[in-house]
Amino acid sequence: MFRDYDVVSQGVLNANGNITALYQEQLPWNPGLGRPQIEAELDREEVYYPLTHAQKRIYYDNKFHPGTAVCNQAFVVRYKKVLDPKLLKQAINLVVKKNEGLRLRIVEPDSETETRQYVSNFKNISPDYFDFSGPDSDSRLQDWAKTTTAEPIELIDNDLFYFALIKCNPSESGYYVK
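Rules of the game
Throughout this document, residue positions are counted from 1 along each chain, in the order its sequence is written. Only residues with pLDDT of at least 70 get local features here, since the model is predicted, and only at 80 or more are side-chain atom pairs given and counted; chain-wide, interface and lining totals rely on the full set of residues. As a convention, hydrogens and water are excluded, and side-chain values are obtained from all of the structure's heavy atoms. Labels follow the DSSP assignment, with helices taken as runs of H or I lasting at least four residues and strands as runs of E lasting at least two, numbered in each case from the N terminus. Expected span, for any helix, means 1.5 Å times one less than how many residues it has. Classification of residues uses two cut-offs on accessible area relative to the type maximum, computed with a 1.4 Å probe and protein chains only: under 20% is buried, over 50% is exposed, and between them is partly exposed. An arc is given here, and it is the one of the directions from the helix axis to the C-beta atoms. Whether two residues are in contact is decided by their heavy atoms: any pair within 4.5 Å suffices. For the purposes of this section, nonpolar cores are sets of buried Ala, Val, Leu, Ile, Met, Phe, Trp, Tyr and Cys residues that join through side-chain atoms within 4.5 Å. Centres within 6.5 Å are what make two rings of Phe, Tyr or Trp a pair, Trp counting through its six-membered ring; a difference in plane orientation under 30 degrees is then read as stacked, over 60 as edge-to-face, and the rest as tilted. Placement of a charge over a ring requires the Lys NZ or Arg CZ to be within 6 Å of the ring centre, with the centre-to-atom vector within 35 degrees of the ring normal. Identification of polar contacts relies on pairs of N or O atoms within 3.5 Å, with a donor-acceptor requirement for protein atoms, meaning one able to donate a hydrogen and the other able to accept it, and with residues adjacent in sequence counted only if both atoms are side-chain atoms. For two strands to count as paired, DSSP must find a minimum of two bridges between them. Classification remark: right-handed applies to a crossover when, strands pointing away from the viewer, the course from the first strand over the helix to the second runs clockwise. For this analysis, a salt bridge means a side-chain nitrogen from Lys or Arg found within 4 Å of a carboxyl oxygen belonging to Asp or Glu.

Participant: Tell me what's going on with helix 3 (residues 137-149), and back it up with residues and numbers.
Facilitator: For helix 3, with 13 residues, the first-to-last C-alpha span of 18 Å sits near the 18 Å given by 1.5 Å per residue. What helix 3 keeps buried is the set Ser137, Leu141, Trp144, Ala145 and Thr148. Projected onto a plane normal to the axis of helix 3, the buried residues spread over an arc of 100° and lie on a single side. For helix 3, the exposed residues lying more than 90 degrees away from the buried face are Gln142 and Lys146. In this structure, the buried side of helix 3 is in contact with strand 4 (75-79), strand 7 (128-131), strand 8 (163-169) and strand 9 (172-177).

This is how it looks when you write it as structure tokens:
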């Protein structure tokens, strides 16, 4: 479908679950260039939200089992060709920038409030790079992924994700997400 304009909105989710619009603007839309981009991000003060019940379960599991990766989930994505690490890093940063759920941070309360979360401002990340080319590349990659997945992620006011770029062998590459 061909459109000449696309409406871009910026809003905030309030405590009642309603979105309060901060501004709305109609921008020219070029189908060849994708959706319009707003260059300047809105400066905002941190807004704290309560944890969902599922988040509370993960938080308390980590509190009751410190130093373990009891709630970690991870996967490796492999491509049957060698990807440009710079472009893959740009793609990962774009995903993190566009998805507030990846930028959630947990803060521990003072004695009067419950554990809360907020959406941190975007900051470029530099994923680690690992080259597993050589003998036994598949088993070395699996051992590394198993070991890395078993390492706990610090929950309090830190990124709740980890990305690594990997070269599986001379003709395959990909990335690891935890």
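Next comes the rest of the write-up.
Participant: How would you explain the nonpolar core if you had to name every residue and give the values?
Facilitator: Nonpolar side chains tend to gather and get buried jointly when the protein is soluble and globular. One finds Val77, Leu88, Ile92, Val96, Ile125, Phe161, Phe163, Leu165, Tyr175 and Val177 forming the largest nonpolar core, which totals 10 residues. Counting residues per element, the ones that place at least two in this core are helix 2 (85-98), strand 8 and strand 9. With 3 residues, helix 2 is the single largest residue contributor to this core. Among residues more than four places away in sequence, those in contact with Leu88 are Leu83, Leu165, Gly174 and Tyr175.

Participant: Break down the environment of Pro170 for me, with residues and values.
Facilitator: Within the secondary structure, Pro170 sits in the loop between strand 8 and strand 9. Look at Pro170 and you get exposed, because its relative accessible area is 64%. Residues Pro170 and Asp131, 39 residues apart in the sequence, show an inter-C-alpha distance of 9.2 Å. Apart from residues lying up to four places away in sequence, Pro170 is in contact with Val82 and Ser133.

Participant: How would you explain the packing of aromatic side chains if you had to name every residue and give the values?
Facilitator: Under the definition given, this model contains 10 aromatic pairs. Here the basic side chain of Arg116 rests over the ring of Tyr48, its NZ or CZ set 4.4 Å away from the ring centre.

Participant: Give me the lowdown on the side chain of Gln117, citing residues and values where you can.
Facilitator: Checked against the element boundaries, Gln117 lands in strand 6 (residues 116-119). A polar side-chain atom of Gln117 sits 3.0 Å from the main-chain carbonyl oxygen of Pro50. Once residues lying within four places of it in the same chain are set aside, the contact partners of Gln117 are Val47, Tyr48, Tyr49, Pro50, Leu51, Thr52, Gln55, Leu104, Arg105 and Ile106.

Participant: Tell me about the sheet that holds strand 3 (residues 49-50), and name the residues and values.
Facilitator: Strand order across the open sheet formed by 3 strands is 3-6-5, with antiparallel pairing between neighbours. Of all strands in the sheet, those bounded by a partner on one side alone are strand 3 and strand 5 (104-107). In terms of strand pairing, strand 3 meets strand 6 through 2 bridges, oriented antiparallel. Bridge pairing links Tyr49 to Gln117 in strand 6.

Participant: Got a sec to walk through the pairing of strand 7? Specific residues and values, please.
Facilitator: In this sheet, strand 8 lies alongside strand 7 in parallel orientation, the contact comprising 4 bridges. Across the sheet, Asp128 pairs through a bridge with Ala164, a residue of strand 8. You can see the chain leave strand 7, run along helix 3 and come back into strand 8, and the turn it takes is right-handed.

Participant: Which residues make up the pattern of salt bridges, and what values go with them?
Facilitator: Within the structure shown, the criterion is met by 6 salt bridges. We note a salt bridge from Glu114 to Lys56, for which the minimum N-O separation is 3.0 Å. In this pair, Glu114 sits in the loop between strand 5 and strand 6 while Lys56 sits in helix 1 (residues 53-64), placing the two residues 58 residues apart along the sequence. Linking Glu172 and Lys80 is a salt bridge whose minimum nitrogen-to-oxygen distance equals 3.3 Å.

Everything listed here is a matter of coordinates, which is why it stays silent on function.
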